[in-house]
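# Observations on the three-dimensional arrangement
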Amino acid sequence: MKNREYNFTFLLRISLVSAMGGLLFGYDWVVIGGAKPFYERFFDIASSADLQAWAMSSALIGCIVGAVVSGLVSDRYGRKKTLLGAAFLFTVTSLGTGMAANFGSFIVFRMLGGIGIGLASALSPMYIAEIAPSQLRGRFVSLNQMTIVIGILLAQIMNVLIAEKVPEGATDQFIAASWNGQTGWRWMFWACGAPSVLFFLFTFFIPESPRWLLKVGKADAAFPVLEKIGGAEYARREVKSIRASLDDVGEKVNFKALFHRIYAKVLIIGVVLAVFQQWCGINTVFNYAEEIFTAAGYGVSDTLFNIVITGSVNLIFTFVALFTVDKWGRKKLMVVGSIGLALNYILLGSAFFFHLKGVAVLALVVTAIAIYAMSLAPIVWVILSEIFPNRIRGAAMALATFALWAACFVLTYTFPLLNKSLGAAGTFWVYSGICLAGFIFIMAKLPETKGKSLEEIERELIR
(Lines give C-alpha, C1' and ligand atoms only; values in the text may rest on other atoms or scores of the structure.)
Protein backbone atom coordinates (compact mmCIF):
# COMPACT_ATOMS: atom_id res chain seq x y z
CA MET A 1 0.00 0.00 0.00
CA LYS A 2 1.47 3.37 -1.02
CA ASN A 3 1.94 6.14 1.54
CA ARG A 4 -0.51 8.46 -0.22
CA GLU A 5 -3.32 5.95 0.30
CA TYR A 6 -3.18 6.37 4.06
CA ASN A 7 -5.06 9.11 5.91
CA PHE A 8 -1.87 11.07 6.54
CA THR A 9 -3.62 14.04 8.15
CA PHE A 10 -5.40 11.84 10.70
CA LEU A 11 -2.20 9.93 11.48
CA LEU A 12 -0.22 13.13 11.90
CA ARG A 13 -2.84 14.71 14.15
CA ILE A 14 -3.13 11.85 16.62
CA SER A 15 0.62 11.17 16.55
CA LEU A 16 1.40 14.79 17.41
CA VAL A 17 -1.05 14.72 20.31
CA SER A 18 0.56 11.57 21.68
CA ALA A 19 3.99 13.08 21.05
CA MET A 20 3.11 16.03 23.31
CA GLY A 21 4.09 13.60 26.04
CA GLY A 22 7.56 13.73 24.50
CA LEU A 23 7.53 17.54 24.48
CA LEU A 24 6.74 17.67 28.20
CA PHE A 25 9.22 14.89 28.87
CA GLY A 26 11.92 16.99 27.14
CA TYR A 27 10.95 20.24 28.86
CA ASP A 28 10.67 18.77 32.35
CA TRP A 29 13.87 16.81 31.89
CA VAL A 30 16.03 19.76 30.83
CA VAL A 31 14.49 22.79 32.56
CA ILE A 32 16.29 21.83 35.74
CA GLY A 33 19.65 22.39 34.02
CA GLY A 34 18.90 26.10 33.55
CA ALA A 35 17.36 26.44 36.99
CA LYS A 36 20.29 24.63 38.62
CA PRO A 37 22.59 27.64 39.31
CA PHE A 38 19.72 29.38 41.10
CA TYR A 39 17.78 26.76 43.10
CA GLU A 40 21.10 25.37 44.39
CA ARG A 41 21.87 28.76 45.93
CA PHE A 42 18.29 29.15 47.19
CA PHE A 43 18.40 25.76 48.96
CA ASP A 44 22.08 26.25 49.95
CA ILE A 45 23.33 23.03 48.34
CA ALA A 46 25.88 24.54 45.92
CA SER A 47 28.81 23.21 47.98
CA SER A 48 27.46 19.66 48.36
CA ALA A 49 28.17 17.29 45.43
CA ASP A 50 25.89 14.64 46.97
CA LEU A 51 22.87 16.96 47.31
CA GLN A 52 23.50 18.40 43.86
CA ALA A 53 23.48 14.90 42.42
CA TRP A 54 20.32 14.04 44.38
CA ALA A 55 18.50 17.14 43.13
CA MET A 56 19.40 16.31 39.51
CA SER A 57 18.72 12.58 39.72
CA SER A 58 15.68 12.43 42.06
CA ALA A 59 13.25 12.74 39.14
CA LEU A 60 14.78 9.53 37.81
CA ILE A 61 13.40 7.61 40.78
CA GLY A 62 9.95 8.68 39.58
CA CYS A 63 10.91 7.83 35.99
CA ILE A 64 11.76 4.30 37.05
CA VAL A 65 8.46 3.95 38.92
CA GLY A 66 6.53 5.38 35.97
CA ALA A 67 8.28 3.03 33.56
CA VAL A 68 7.55 -0.02 35.72
CA VAL A 69 3.84 0.73 36.15
CA SER A 70 3.37 1.86 32.53
CA GLY A 71 3.12 -1.70 31.26
CA LEU A 72 0.67 -2.84 33.92
CA VAL A 73 -1.50 0.27 33.68
CA SER A 74 -1.51 0.54 29.87
CA ASP A 75 -2.24 -3.17 29.40
CA ARG A 76 -5.14 -2.98 31.84
CA TYR A 77 -6.65 0.45 31.15
CA GLY A 78 -5.36 1.20 27.66
CA ARG A 79 -2.76 3.51 26.14
CA LYS A 80 -5.05 6.57 26.02
CA LYS A 81 -5.98 6.62 29.72
CA THR A 82 -2.35 6.15 30.71
CA LEU A 83 -1.35 9.13 28.57
CA LEU A 84 -4.07 11.15 30.33
CA GLY A 85 -2.56 10.17 33.66
CA ALA A 86 0.87 11.34 32.54
CA ALA A 87 -0.58 14.68 31.36
CA PHE A 88 -2.25 15.20 34.74
CA LEU A 89 1.02 14.53 36.58
CA PHE A 90 2.91 16.99 34.37
CA THR A 91 0.33 19.67 35.17
CA VAL A 92 0.42 19.16 38.94
CA THR A 93 4.19 18.85 39.27
CA SER A 94 5.08 21.83 37.09
CA LEU A 95 3.12 24.00 39.52
CA GLY A 96 4.25 22.20 42.66
CA THR A 97 7.97 22.23 41.87
CA GLY A 98 7.90 25.99 41.32
CA MET A 99 6.08 26.51 44.61
CA ALA A 100 8.53 24.42 46.68
CA ALA A 101 9.46 26.24 49.87
CA ASN A 102 12.16 23.79 50.96
CA PHE A 103 14.48 21.20 49.46
CA GLY A 104 12.36 18.25 50.65
CA SER A 105 9.18 19.38 48.86
CA PHE A 106 11.26 20.21 45.77
CA ILE A 107 12.50 16.60 45.68
CA VAL A 108 8.99 15.17 46.18
CA PHE A 109 7.57 17.12 43.24
CA ARG A 110 10.58 16.22 41.07
CA MET A 111 9.91 12.55 41.81
CA LEU A 112 6.20 12.89 40.94
CA GLY A 113 7.16 14.68 37.73
CA GLY A 114 9.51 11.79 37.03
CA ILE A 115 6.57 9.38 37.16
CA GLY A 116 4.91 11.44 34.42
CA ILE A 117 8.13 11.31 32.38
CA GLY A 118 8.38 7.53 32.87
CA LEU A 119 4.80 7.00 31.70
CA ALA A 120 5.10 9.34 28.71
CA SER A 121 8.48 8.00 27.61
CA ALA A 122 7.07 4.47 27.40
CA LEU A 123 3.57 5.22 26.12
CA SER A 124 4.00 7.99 23.56
CA PRO A 125 6.29 6.07 21.15
CA MET A 126 4.43 2.80 21.77
CA TYR A 127 1.04 4.35 20.97
CA ILE A 128 2.39 5.87 17.74
CA ALA A 129 4.00 2.57 16.70
CA GLU A 130 0.70 0.77 17.25
CA ILE A 131 -1.30 3.12 15.02
CA ALA A 132 1.24 3.87 12.25
CA PRO A 133 1.50 1.70 9.08
CA SER A 134 4.85 -0.08 8.65
CA GLN A 135 5.99 2.14 5.75
CA LEU A 136 5.52 5.27 7.88
CA ARG A 137 6.27 3.95 11.35
CA GLY A 138 9.90 5.08 11.59
CA ARG A 139 9.24 8.72 10.79
CA PHE A 140 6.03 8.87 12.85
CA VAL A 141 7.66 7.38 15.96
CA SER A 142 10.57 9.76 15.35
CA LEU A 143 8.04 12.59 15.72
CA ASN A 144 8.07 11.75 19.42
CA GLN A 145 11.81 12.36 19.56
CA MET A 146 11.32 15.58 17.61
CA THR A 147 8.85 16.84 20.21
CA ILE A 148 11.24 15.78 22.99
CA VAL A 149 13.90 17.92 21.34
CA ILE A 150 11.45 20.81 20.89
CA GLY A 151 10.62 20.50 24.58
CA ILE A 152 14.34 20.59 25.40
CA LEU A 153 14.89 23.67 23.24
CA LEU A 154 11.76 25.34 24.63
CA ALA A 155 13.03 24.82 28.18
CA GLN A 156 16.43 26.22 27.23
CA ILE A 157 14.90 29.30 25.57
CA MET A 158 12.53 29.90 28.49
CA ASN A 159 15.45 29.64 30.90
CA VAL A 160 17.34 32.35 28.98
CA LEU A 161 14.28 34.60 28.68
CA ILE A 162 13.37 34.25 32.36
CA ALA A 163 16.83 34.55 33.93
CA GLU A 164 18.28 37.99 34.51
CA LYS A 165 21.92 38.46 33.55
CA VAL A 166 24.31 37.32 36.28
CA PRO A 167 27.30 39.63 36.80
CA GLU A 168 30.73 38.09 36.30
CA GLY A 169 32.19 36.94 39.61
CA ALA A 170 28.84 36.99 41.42
CA THR A 171 28.99 35.20 44.77
CA ASP A 172 26.65 32.42 45.87
CA GLN A 173 25.09 34.81 48.37
CA PHE A 174 24.44 37.42 45.66
CA ILE A 175 22.79 34.85 43.36
CA ALA A 176 20.69 33.41 46.20
CA ALA A 177 19.32 36.86 47.10
CA SER A 178 18.73 37.94 43.49
CA TRP A 179 15.48 37.67 41.53
CA ASN A 180 16.90 34.60 39.80
CA GLY A 181 17.60 32.90 43.11
CA GLN A 182 14.29 33.78 44.74
CA THR A 183 11.71 33.73 41.92
CA GLY A 184 13.25 33.23 38.46
CA TRP A 185 13.92 29.52 38.78
CA ARG A 186 10.30 29.00 39.91
CA TRP A 187 8.95 30.52 36.69
CA MET A 188 11.16 28.13 34.72
CA PHE A 189 9.13 25.23 36.15
CA TRP A 190 5.76 27.01 36.07
CA ALA A 191 6.13 27.66 32.33
CA CYS A 192 5.56 23.94 31.75
CA GLY A 193 1.99 24.23 33.08
CA ALA A 194 0.37 25.57 29.88
CA PRO A 195 1.51 22.80 27.49
CA SER A 196 0.69 20.23 30.20
CA VAL A 197 -2.95 21.38 30.29
CA LEU A 198 -3.13 21.33 26.47
CA PHE A 199 -1.75 17.77 26.39
CA PHE A 200 -4.38 16.69 28.90
CA LEU A 201 -7.24 18.25 26.92
CA PHE A 202 -6.11 17.10 23.45
CA THR A 203 -5.64 13.49 24.58
CA PHE A 204 -9.40 13.16 25.09
CA PHE A 205 -9.82 13.49 21.31
CA ILE A 206 -7.48 10.73 20.10
CA PRO A 207 -8.64 7.12 19.60
CA GLU A 208 -7.48 4.17 21.65
CA SER A 209 -4.73 2.00 20.13
CA PRO A 210 -6.38 -0.55 17.78
CA ARG A 211 -3.82 -3.19 18.74
CA TRP A 212 -4.69 -2.81 22.41
CA LEU A 213 -8.42 -2.92 21.57
CA LEU A 214 -7.95 -6.19 19.69
CA LYS A 215 -5.84 -7.55 22.53
CA VAL A 216 -8.71 -7.02 24.98
CA GLY A 217 -11.35 -8.35 22.56
CA LYS A 218 -12.82 -5.07 21.32
CA ALA A 219 -12.62 -5.69 17.58
CA ASP A 220 -15.72 -3.59 16.91
CA ALA A 221 -13.91 -0.55 18.32
CA ALA A 222 -10.55 -1.34 16.65
CA PHE A 223 -11.84 -1.78 13.07
CA PRO A 224 -13.12 1.83 12.62
CA VAL A 225 -9.77 3.25 13.75
CA LEU A 226 -7.83 1.07 11.30
CA GLU A 227 -10.36 1.83 8.57
CA LYS A 228 -9.91 5.57 9.07
CA ILE A 229 -6.14 5.11 8.81
CA GLY A 230 -6.05 3.07 5.58
CA GLY A 231 -9.49 2.03 4.40
CA ALA A 232 -11.60 -1.11 4.83
CA GLU A 233 -9.21 -3.54 3.08
CA TYR A 234 -6.27 -2.30 5.13
CA ALA A 235 -8.33 -2.65 8.32
CA ARG A 236 -9.36 -6.24 7.51
CA ARG A 237 -5.76 -7.21 6.73
CA GLU A 238 -4.41 -5.61 9.90
CA VAL A 239 -7.08 -7.18 12.12
CA LYS A 240 -6.25 -10.62 10.71
CA SER A 241 -2.51 -10.15 11.18
CA ILE A 242 -2.80 -8.75 14.71
CA ARG A 243 -5.16 -11.53 15.80
CA ALA A 244 -2.76 -14.16 14.47
CA SER A 245 0.10 -12.69 16.52
CA LEU A 246 -2.07 -12.63 19.64
CA ASP A 247 -3.17 -16.22 19.12
CA ASP A 248 0.41 -17.49 18.89
CA VAL A 249 0.70 -17.53 22.69
CA GLY A 250 -2.15 -18.82 24.75
CA GLU A 251 -1.41 -17.72 28.27
CA LYS A 252 -2.46 -14.44 29.75
CA VAL A 253 0.44 -12.07 29.65
CA ASN A 254 2.09 -10.64 32.73
CA PHE A 255 5.65 -9.79 33.70
CA LYS A 256 6.40 -13.46 34.40
CA ALA A 257 5.77 -14.24 30.73
CA LEU A 258 8.64 -11.96 29.76
CA PHE A 259 11.11 -14.50 31.06
CA HIS A 260 9.94 -17.25 28.73
CA ARG A 261 12.94 -18.41 26.69
CA ILE A 262 11.35 -17.43 23.35
CA TYR A 263 11.52 -13.76 24.36
CA ALA A 264 15.13 -13.80 25.61
CA LYS A 265 16.76 -12.54 22.40
CA VAL A 266 14.42 -9.62 21.83
CA LEU A 267 14.48 -8.55 25.50
CA ILE A 268 18.29 -8.57 25.60
CA ILE A 269 18.42 -6.38 22.49
CA GLY A 270 15.83 -3.98 23.89
CA VAL A 271 17.38 -3.66 27.36
CA VAL A 272 20.97 -3.28 26.10
CA LEU A 273 19.97 -0.56 23.61
CA ALA A 274 17.94 1.26 26.28
CA VAL A 275 20.90 1.26 28.67
CA PHE A 276 23.33 2.22 25.92
CA GLN A 277 21.24 5.25 24.89
CA GLN A 278 21.86 6.66 28.38
CA TRP A 279 25.37 5.42 29.13
CA CYS A 280 26.64 6.93 25.87
CA GLY A 281 26.84 10.01 28.12
CA ILE A 282 25.20 12.76 26.10
CA ASN A 283 22.57 13.61 28.71
CA THR A 284 25.30 14.90 31.01
CA VAL A 285 25.70 17.80 28.56
CA PHE A 286 22.09 18.82 29.18
CA ASN A 287 21.94 18.09 32.90
CA TYR A 288 25.41 19.34 33.87
CA ALA A 289 25.93 22.06 31.27
CA GLU A 290 27.02 24.49 33.99
CA GLU A 291 29.95 22.28 35.05
CA ILE A 292 30.97 21.41 31.47
CA PHE A 293 30.92 24.97 30.15
CA THR A 294 32.46 26.38 33.33
CA ALA A 295 35.37 23.99 32.81
CA ALA A 296 35.59 25.39 29.27
CA GLY A 297 35.85 28.94 30.64
CA TYR A 298 32.26 30.20 30.30
CA GLY A 299 30.25 32.17 32.90
CA VAL A 300 26.66 31.48 34.00
CA SER A 301 24.95 33.76 31.46
CA ASP A 302 27.19 32.56 28.61
CA THR A 303 26.41 28.99 29.64
CA LEU A 304 22.65 29.58 29.34
CA PHE A 305 23.19 30.97 25.82
CA ASN A 306 25.43 28.04 24.85
CA ILE A 307 22.74 25.64 26.04
CA VAL A 308 20.34 27.23 23.55
CA ILE A 309 22.91 26.67 20.79
CA THR A 310 23.16 22.99 21.71
CA GLY A 311 19.37 22.72 21.81
CA SER A 312 19.02 24.27 18.35
CA VAL A 313 21.55 21.82 16.89
CA ASN A 314 19.69 19.01 18.65
CA LEU A 315 16.46 20.02 16.87
CA ILE A 316 18.05 20.46 13.43
CA PHE A 317 19.66 17.02 13.44
CA THR A 318 16.53 15.37 14.78
CA PHE A 319 14.93 16.45 11.49
CA VAL A 320 17.78 14.64 9.72
CA ALA A 321 16.77 11.45 11.55
CA LEU A 322 13.12 12.06 10.70
CA PHE A 323 13.88 11.97 6.98
CA THR A 324 16.48 9.20 7.01
CA VAL A 325 15.13 6.58 9.43
CA ASP A 326 12.84 4.96 6.84
CA LYS A 327 15.40 5.37 4.03
CA TRP A 328 18.73 4.45 5.57
CA GLY A 329 17.34 2.06 8.15
CA ARG A 330 17.65 1.77 11.92
CA LYS A 331 20.87 -0.23 12.11
CA LYS A 332 22.94 2.06 9.85
CA LEU A 333 22.01 5.13 11.90
CA MET A 334 22.82 3.32 15.15
CA VAL A 335 26.23 2.33 13.79
CA VAL A 336 26.98 5.92 12.72
CA GLY A 337 25.88 7.22 16.12
CA SER A 338 27.86 4.82 18.29
CA ILE A 339 31.19 5.04 16.45
CA GLY A 340 30.76 8.77 15.85
CA LEU A 341 30.27 9.50 19.56
CA ALA A 342 33.19 7.23 20.51
CA LEU A 343 35.55 9.25 18.31
CA ASN A 344 34.07 12.59 19.38
CA TYR A 345 34.49 11.82 23.08
CA ILE A 346 38.15 10.97 22.55
CA LEU A 347 38.63 14.45 21.09
CA LEU A 348 36.46 16.14 23.74
CA GLY A 349 38.34 14.42 26.55
CA SER A 350 41.62 15.46 24.94
CA ALA A 351 40.42 19.07 24.73
CA PHE A 352 39.81 19.10 28.49
CA PHE A 353 43.07 17.24 29.14
CA PHE A 354 45.09 19.89 27.29
CA HIS A 355 43.03 22.71 28.89
CA LEU A 356 41.53 24.02 25.67
CA LYS A 357 38.90 26.70 26.29
CA GLY A 358 35.95 28.39 24.64
CA VAL A 359 34.91 27.68 21.06
CA ALA A 360 36.95 24.47 20.69
CA VAL A 361 35.05 22.73 23.48
CA LEU A 362 31.72 24.21 22.39
CA ALA A 363 32.27 22.91 18.82
CA LEU A 364 32.97 19.37 20.05
CA VAL A 365 29.95 19.43 22.37
CA VAL A 366 27.72 20.62 19.51
CA THR A 367 29.10 17.89 17.22
CA ALA A 368 28.40 15.22 19.83
CA ILE A 369 24.80 16.45 20.18
CA ALA A 370 24.36 16.48 16.39
CA ILE A 371 25.54 12.86 16.13
CA TYR A 372 23.30 11.77 18.99
CA ALA A 373 20.26 13.65 17.69
CA MET A 374 20.31 11.93 14.30
CA SER A 375 21.01 8.44 15.66
CA LEU A 376 20.76 7.10 19.20
CA ALA A 377 18.24 9.63 20.51
CA PRO A 378 15.34 8.87 18.13
CA ILE A 379 16.32 5.49 16.73
CA VAL A 380 16.47 3.64 20.06
CA TRP A 381 12.87 4.72 20.75
CA VAL A 382 11.84 3.58 17.26
CA ILE A 383 13.46 0.18 17.77
CA LEU A 384 11.98 -0.28 21.26
CA SER A 385 8.52 0.59 19.99
CA GLU A 386 8.60 -2.00 17.22
CA ILE A 387 10.68 -5.06 18.23
CA PHE A 388 8.49 -6.37 21.06
CA PRO A 389 5.71 -8.86 20.24
CA ASN A 390 2.08 -7.71 20.44
CA ARG A 391 1.44 -10.20 23.21
CA ILE A 392 3.98 -8.67 25.62
CA ARG A 393 4.53 -5.19 24.20
CA GLY A 394 3.24 -3.26 27.21
CA ALA A 395 5.21 -5.26 29.76
CA ALA A 396 8.34 -5.47 27.59
CA MET A 397 8.29 -1.74 26.85
CA ALA A 398 7.94 -1.13 30.59
CA LEU A 399 10.98 -3.34 31.28
CA ALA A 400 13.09 -1.62 28.61
CA THR A 401 12.03 1.84 29.78
CA PHE A 402 12.78 0.84 33.38
CA ALA A 403 16.27 -0.20 32.27
CA LEU A 404 16.68 3.09 30.39
CA TRP A 405 15.75 5.26 33.37
CA ALA A 406 17.73 3.14 35.82
CA ALA A 407 20.75 3.60 33.53
CA CYS A 408 20.00 7.33 33.35
CA PHE A 409 19.89 7.52 37.15
CA VAL A 410 23.32 5.89 37.35
CA LEU A 411 24.67 8.24 34.66
CA THR A 412 23.24 11.39 36.24
CA TYR A 413 24.23 10.51 39.79
CA THR A 414 27.76 9.40 38.93
CA PHE A 415 28.75 12.26 36.60
CA PRO A 416 29.68 14.77 39.35
CA LEU A 417 31.49 11.97 41.19
CA LEU A 418 33.40 10.85 38.06
CA ASN A 419 34.10 14.46 37.14
CA LYS A 420 35.55 15.05 40.60
CA SER A 421 37.72 11.92 40.61
CA LEU A 422 38.71 11.56 36.93
CA GLY A 423 38.25 15.10 35.69
CA ALA A 424 36.27 16.05 32.59
CA ALA A 425 38.85 14.41 30.33
CA GLY A 426 38.78 11.01 32.04
CA THR A 427 34.98 11.06 32.29
CA PHE A 428 34.48 11.57 28.55
CA TRP A 429 37.09 8.92 27.77
CA VAL A 430 35.04 6.47 29.85
CA TYR A 431 31.95 7.38 27.77
CA SER A 432 34.01 6.80 24.62
CA GLY A 433 34.77 3.24 25.73
CA ILE A 434 31.06 2.62 26.39
CA CYS A 435 30.18 3.88 22.89
CA LEU A 436 32.75 1.54 21.35
CA ALA A 437 31.20 -1.40 23.22
CA GLY A 438 27.77 -0.31 21.98
CA PHE A 439 29.06 -0.22 18.40
CA ILE A 440 30.28 -3.82 18.69
CA PHE A 441 26.92 -5.00 20.10
CA ILE A 442 24.92 -3.23 17.37
CA MET A 443 27.03 -4.74 14.60
CA ALA A 444 26.68 -8.23 16.06
CA LYS A 445 23.09 -8.37 17.36
CA LEU A 446 20.79 -5.66 15.99
CA PRO A 447 18.53 -6.72 13.06
CA GLU A 448 17.18 -4.25 10.50
CA THR A 449 13.44 -3.55 10.96
CA LYS A 450 12.93 -0.91 8.25
CA GLY A 451 9.74 -1.35 6.20
CA LYS A 452 8.44 -4.38 8.11
CA SER A 453 5.11 -4.64 9.95
CA LEU A 454 5.18 -5.21 13.70
CA GLU A 455 3.90 -8.73 13.09
CA GLU A 456 6.65 -9.46 10.52
CA ILE A 457 9.30 -8.26 12.96
CA GLU A 458 7.77 -10.48 15.62
CA ARG A 459 7.93 -13.57 13.40
CA GLU A 460 11.59 -12.93 12.63
CA LEU A 461 12.70 -12.33 16.22
CA ILE A 462 10.50 -14.87 18.02
CA ARG A 463 11.22 -18.31 16.63
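Structure shown above.
A brief structural summary. Keep in mind the model is a prediction, meaning the values are calculated, not measured. (Residues numbered from 1 in each chain as written. Predicted model: local features only at pLDDT ≥ 70, side-chain atom pairs only at ≥ 80, totals over all residues. Heavy atoms only, no water.)

### Some remarks on the overall build of the chain
What counts here: Secondary structure follows DSSP: runs of H or I at least 4 residues long count as helices, runs of E at least 2 residues long count as strands, and numbering of each begins at the N terminus. For every residue, the accessible area (1.4 Å probe, protein chains only) is compared with the maximum for its type, and the residue is labelled buried under 20%, exposed over 50%, or partly exposed between those bounds. Only heavy atoms matter for contacts: two residues are in contact if any of them lie within 4.5 Å across the pair. Surface exposure here means Shrake-Rupley accessible area, sampled with a 1.4 Å probe, where a residue is shielded only by the protein chains that are shown. When charges are counted, Lys and Arg are positive and Asp and Glu negative, with His and the chain ends excluded. Charge positions come from single atoms, namely NZ of Lys, CZ of Arg, CG of Asp or CD of Glu.
Secondary structure assignment for the chain yields 20 helices and zero strands. Per-residue burial over the chain gives 61% buried out of 463 residues. Once local pairs closer than 6 in sequence are excluded, the contacts in the chain between residues at least 24 apart make up 85%. Of the accessible surface of the chain, which amounts to about 17,300 Å², a share of 68% is contributed by carbon and sulfur atoms. Charge centroids of the chain, computed over 39 positive and 28 negative side chains, lie 6 Å from each other.

### Let's talk about the packing of aromatic side chains
Put simply, the rule reads: Classification of ring pairs uses Phe, Tyr and Trp, with its six-membered ring standing for Trp, and accepts pairs whose centres are within 6.5 Å; under 30 degrees between planes counts as stacked, over 60 as edge-to-face, and the remaining range as tilted. Placement of a positive charge over a ring is assigned whenever Lys NZ or Arg CZ falls within 6 Å of the ring centre and within 35 degrees of the normal to the ring plane.
A full pass over the atoms with the stated rule returns 22 aromatic pairs. With a centroid separation of 5.2 Å and an interplanar angle of 90°, the aromatic rings of F200 and F204 are classed as edge-to-face. Among the residues examined, F204 registers a relative accessible area of 44% and is labelled partly exposed. In this structure an aromatic cluster arises from ring pairing among Y39, F42, F43, F103, F106, W185 and F189. Note that R186 overlies the ring of F42, its terminal NZ or CZ placed 4.9 Å from the centroid.

### Looking at the side chain of S196
Note the cut-off: Pairs of N or O atoms are called polar contacts if they sit within 3.5 Å, as long as, within protein, a hydrogen donor faces a hydrogen acceptor (for residues adjacent in sequence, only side-chain-to-side-chain pairs).
Here S196 lies in helix α8 (residues 193-203). For S196, the side chain forms a polar contact with the main-chain oxygen of C192, separated by 2.7 Å. S196 has contacts with L24, A87, F90, T91 and S94, leaving out every residue within four places of it along the chain.

### Comments concerning α8
Listed in full, the buried residues belonging to α8 are G193, P195, S196, F199 and T203. In this structure, the buried side of α8 is in contact with α1 (8-42), α3 (79-99) and α7 (179-190).

### Looking at the environment of A398
Tracing the backbone shows A398 in helix α19 (residues 393-445). A residue is classified by how much of its surface remains accessible, and A398, at 1% relative accessible area, is buried.

### A word on the pattern of salt bridges
Spelled out, the test is: Think of a salt bridge as a Lys or Arg side-chain nitrogen and an Asp or Glu carboxyl oxygen that are within 4 Å of each other.
In the structure shown here, the tally under the stated rule is 13 salt bridges. A salt bridge links R79 to D75, with the shortest nitrogen-to-oxygen separation between them at 3.0 Å. Pair check on accessibility: R79 and D75 agree, each one buried. As a salt-bridge pair, E460 and K452 come within 2.9 Å of each other at their nearest N and O atoms. Residue K452 is classed as partly exposed on the basis of its relative accessible area of 22%.

### Brief notes about the nonpolar core
Threshold: In this text, buried Ala, Val, Leu, Ile, Met, Phe, Trp, Tyr and Cys residues form a nonpolar core when linked through side-chain atoms within 4.5 Å.
Ranked by internal contacts, the top residues of the largest apolar core, which has 142 residues, are Y39, F106, M334, L341, Y345, F388 and W405. No other element matches the 17 residues that α1 contributes to this core. Among all residues touching M334, those that are not within four sequence positions of it are L273, S375, L376, I379, V380, I383, I442 and L446.

### Looking at the packing of α1 against helix α5 (residues 137-162)
Just so we agree on the cut-off: Think of each axis as a best-fit line through the C-alpha atoms, taken over the contacting stretch in the case of a helix, with angles from 0 to 180 degrees between the N-to-C directions. Note: crossing handedness is left-handed where the near helix turns anticlockwise from the far helix by less than a right angle, and right-handed where it turns clockwise. Classes in brief: Ala, Val, Leu, Ile, Met, Phe, Trp, Tyr, Cys and Pro nonpolar; Asp, Glu, Lys and Arg charged; the others, Gly included, polar.
With their axes 6 Å apart at the nearest point, α1 and α5 run at an angle of 40° to one another. The way α1 lies across α5 gives a crossing that is right-handed. For the contact of α1 with α5, the class distribution of residues is 19 nonpolar, nine polar and no charged.

### Quick notes on the environment of I206
Within the secondary structure layout, I206 lies in the loop between α8 and α9 (210-215). Note on I206: relative accessible area 4%, which makes it buried. On a C-alpha basis, the gap between I206 and F10 in space is 9.7 Å, while along the polypeptide they are 196 residues apart. Non-local contacts of I206, meaning those with residues more than four positions away in its chain, are made with I14, V17, K80, L83 and Y127.

### Some words on unusual backbone geometry
Phi at D44 is positive, roughly 60°, even though this residue is not glycine. Tracing the sequence through the fold places D44 in the loop between α1 and α2 (49-77). Of note, H355 is a non-glycine position whose phi angle comes to about 60°, a positive value. Its place among the elements puts H355 in the loop between α16 (330-353) and α17 (359-373).

### Some thoughts on the side chain of S124
Structurally, S124 can be placed in helix α4 (residues 103-131). Residue S124 is classed as buried on the basis of its relative accessible area, which comes to 0%. For S124, the contacting residues outside a window of four places in its chain are S18, G21, G22, L83 and N144.

### Structural notes on the state of the cysteines
Applied cut-off: By convention in this document, the label disulfide applies to cysteine sulfur atom pairs within 2.5 Å.
In the structure shown here, the tally under the stated rule is zero disulfides. With no disulfide partner, C408 has as its closest neighbouring cysteine sulfur the one in C63, 7.1 Å distant. For the unlinked cysteine C435, the closest cysteine sulfur is that of C280, found at 5.2 Å.

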